[in-house]
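The residues making up each chain are set out below.
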Amino acid sequence: MMSGRTSPRLRPSLAAVPGYTPARVPAGPAFHRLAANESPYPPLPGVVEQLLATAGDANRYPDMWCRDLTAALSAQLGVPAAHIAVGTGSVGITQQLLQITAGPQDEVLFAWRSFEAYPVMTRLVDAAPVQVPLTADDRHDLEAMARAVTDRTRLVIVCNPNNPTGTVVGRAELERFLDRMPEELLIVIDEAYVEFADDPDHPDGIELYRDRPNVCVLRTFSKAYGLAGMRVGYAVAHEPVTTALRTIALPFGVSQLAQDAAIIALRAESAMRARVVALTAERARVIGRLTASGWAVGASRANFIWLRLGDRTSAFADACTAAGVSVMAFPGEGVRVSIGDAAANDEFLCCASRFRAELAAGEGRCTV
């Protein structure tokens, strides 16, 4: 390496970007991956076969406008094709939404804690993240969020169900919140985990967007549809928003493999729903076992659970890693644990039981 040379000039604002830290997933088939909210099931019927068929055209560029996938989504959701923009997962579209709405001196508002990429992506467009604390029961404080809106606010994100707490915003409270928002302010409802939201009070973002031009709904094929490795998701919004999203989209960003796999996954809707039912049953079993053994576990309507552990968070995550289970730790706050297959969940439950027993033995009591 040559010394004494000046480095290329980069944007000074990058120093304020914390960077996105993915879940720690150690290698090895014996390791149980419960950190990244992935589906524990193999691809849906027909997906692998379609991937093999599409791979033969890997020398060709994909359809930049994702026309076949857009048409399939339009038919399934009952929305105009012009109201759909496909991107590299819902997180990729979130980045695009920030690019079309916010910049220096602007503010982006969301609950906290919520999806860890929100503040990172906000900083990347030189906007300021405004993080409104969750309520004591880890839910969105919509009243506080409404008060936090200023004339500098350019985007508001409501993650529903919320990642990493799994809590939901009810239909009536969300409608009241939307009705209070300025018409020129874009409100994003991030529904990455909507398929797992079995609460009857959970609102359908697609229905809310229909007569609200300032509402955009995000969904993904990464979670319930089991295509996390394909990187494909979509936004549903009114035409000015989706037109802008397509204008700034990375050319050919969504591979043909991803587009074709998503179309097949949509056709396997009944199989997907059956898997969701099985996974939510596992979620209930895990929460029930933890609660019965004295853990404080909040209700979750996603494919993960949230354990608020405070300063014991890192110790618990390390204990899980030592036991061959990866979980997502937010130091000083808590641990998010994905719901996997029964074997992985059982291993996690054993680890949680050992941790609690060791803590009680060491202190003569247990407060987690």
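These numbers were taken from a predicted model, which means no experiment stands behind them.

Description of the overall build of the protein
- Across its full length, the protein holds twelve helices and twelve strands.
- Projected onto its principal axes, the C-alpha coordinates of the protein cover approximately 60 × 60 × 50 Å.
- Scored against the burial criterion, the 368 residues of the protein give a buried share of 51%.
- In the protein, the share of contacts with a sequence separation of at least 24, taken over all contacts with a separation of at least 6, comes to 73%.

Comments concerning the pairing of strand 6 (residues 186-190)
- Counting buried positions over the five residues of strand 6 gives five, a clear majority of the element.
- With burial as the criterion, each face of strand 6 is covered, one bearing Leu 186, Val 188 and Asp 190 and the other bearing Ile 187 and Ile 189.
- With five bridges connecting them, strand 5 (residues 153-159) and strand 6 associate as parallel partners. For Cys 159, the partnering residue across the bridge sits in strand 6 and is Asp 190.
- The β-α-β motif built from strand 5, the intervening helix 6 (residues 171-180) and the parallel element strand 6 has right-handed crossover chirality.
- Here strand 6 pairs with strand 7 (residues 215-220) via four bridges, running parallel. Looking across to strand 7, one finds that Val 188 is bridged to Cys 216.

Some points on helix 10 (residues 269-292)
- With 24 residues, helix 10 should reach 34 Å at 1.5 Å per residue; the first-to-last C-alpha distance of 34 Å fits that figure.
- The complete set of buried residues in helix 10 reads Glu 269, Met 272, Arg 275, Val 276, Leu 279, Thr 280, Glu 282, Arg 283, Val 286, Ile 287 and Leu 290.
- In the stretch just after helix 10, Gly 294 is the one whose phi turns positive, near 100°.

Here we look at the confidence of the model for the protein
- When pLDDT is averaged along the protein, the result is 94, and 95% of the positions lie at 70 or above.
- Within the model, pLDDT remains below 50 along residues 364-368, and this stretch shows 13 contacts once partners closer than five positions in the same chain are excluded.

Digging into the sheet that holds strand 4 (residues 128-133)
- Sheet architecture is open: seven strands sit in the order 2-8-7-6-5-3-4, paired in mixed fashion. The two strands at the open ends of the sheet, each matched to only one other strand, are strand 2 (84-87) and strand 4. The mean inter-strand angle of the sheet, taken between neighbouring strand axes irrespective of direction, is 25°.
- Bridging between strand 2 and strand 8 (residues 233-236) involves four bridges; their strand directions are antiparallel. Considered in strand 8, the bridge of Ile 84 is made with Val 236.

With respect to the state of the cysteines
- Summed over all chains, the structure comprises zero disulfides.
- Counting only cysteine sulfurs, Cys 320 is the nearest neighbor of Cys 351, a cysteine outside any disulfide, at a range of 3.6 Å.
- For Cys 351, a relative accessible area of 3% puts it in the buried group.

Some remarks on the packing of helix 3 (residues 89-101) against helix 8 (residues 239-248)
- Where helix 3 meets helix 8, the closest approach of the two axes is 9 Å, and the angle between their N-to-C directions is 105°. With respect to each other, helix 3 and helix 8 are oriented roughly perpendicular. Only Val 241, Ala 244, Leu 245 and Ile 248 of helix 8 make contact with helix 3, whose side of the interface consists of Ile 93, Gln 96, Leu 97, Gln 99 and Ile 100.

As for the UniProt feature "modified residue: N6-(pyridoxal phosphate)lysine" (unreviewed entry) in the protein
- UniProt tags Lys 223 as "modified residue: N6-(pyridoxal phosphate)lysine" (unreviewed entry).
- Take Lys 223: it is sitting in the loop between strand 7 and strand 8.
- Relative accessible area serves as the criterion here: at 14%, Lys 223 is assigned to the buried category.
- Beyond its immediate chain neighbours, meaning those up to four positions away, Lys 223 contacts Ala 36, Asn 37, Ser 39, Ala 192, Tyr 193 and Phe 196.

A closer look at the pairing of strand 4
- Two elements, strand 3 (residues 107-112) and strand 4, share six bridges in a ladder whose sense is parallel. Bridge pairing in strand 4 links Glu 107 to Ala 128.
- Taking the sense of rotation as the criterion, the β-α-β connection linking strand 3, helix 4 (residues 117-124) and strand 4 turns out right-handed.

Details of the packing of aromatic side chains
- A full pass over the atoms with the stated rule returns eleven aromatic pairs.
- With a centroid separation of 5.9 Å and an interplanar angle of 50°, the aromatic rings of Phe 221 and Tyr 234 are classed as tilted. Note that Phe 221 is positioned in the loop between strand 7 and strand 8 and Tyr 234 in strand 8, a separation of 13 residues in sequence. The same class applies to Phe 221 and to Tyr 234, which are both buried.
- Feature note: the residues Phe 110, Trp 112, Phe 115 and Tyr 118 constitute an aromatic cluster, connected by ring pairs.
- The cationic tip of Arg 336 hangs over the ring face of Phe 304; the distance from NZ or CZ to the ring centre is 6.0 Å.
- In this arrangement the basic side chain of Arg 356 is found over the ring face of Trp 295, its NZ or CZ atom lying 5.9 Å from the centre.

The rules behind the values
- Residues numbered from 1 in each chain as written.
- Predicted model: local features only at pLDDT ≥ 70, side-chain atom pairs only at ≥ 80, totals over all residues.
- Heavy atoms only, no water.
- Helix = DSSP H or I, 4+ residues; strand = E, 2+ residues; numbered from the N terminus.
- Buried < 20%, exposed > 50% of the residue type's maximum accessible area, 1.4 Å probe, protein only.
- Contact = heavy atoms within 4.5 Å.
- Pairing = 2+ DSSP bridges.
- Right-handed = clockwise from strand over helix to strand, strands pointing away.
- Expected span 1.5 Å × (residues − 1).
- pLDDT = per-residue confidence, 0-100.
- Axes fitted to C-alpha atoms, helices over the stretch in contact; angles between N-to-C directions.
- Disulfide = S-S within 2.5 Å.
- Parallel < 35°, antiparallel > 145°, perpendicular 65-115°, else oblique.
- UniProt positions renumbered as here; feature names shortened; annotations may be inferred.
- Phe/Tyr/Trp six-rings, centres within 6.5 Å; stacked < 30°, edge-to-face > 60°.
- Lys NZ or Arg CZ within 6 Å of the ring centre and 35° of its normal.

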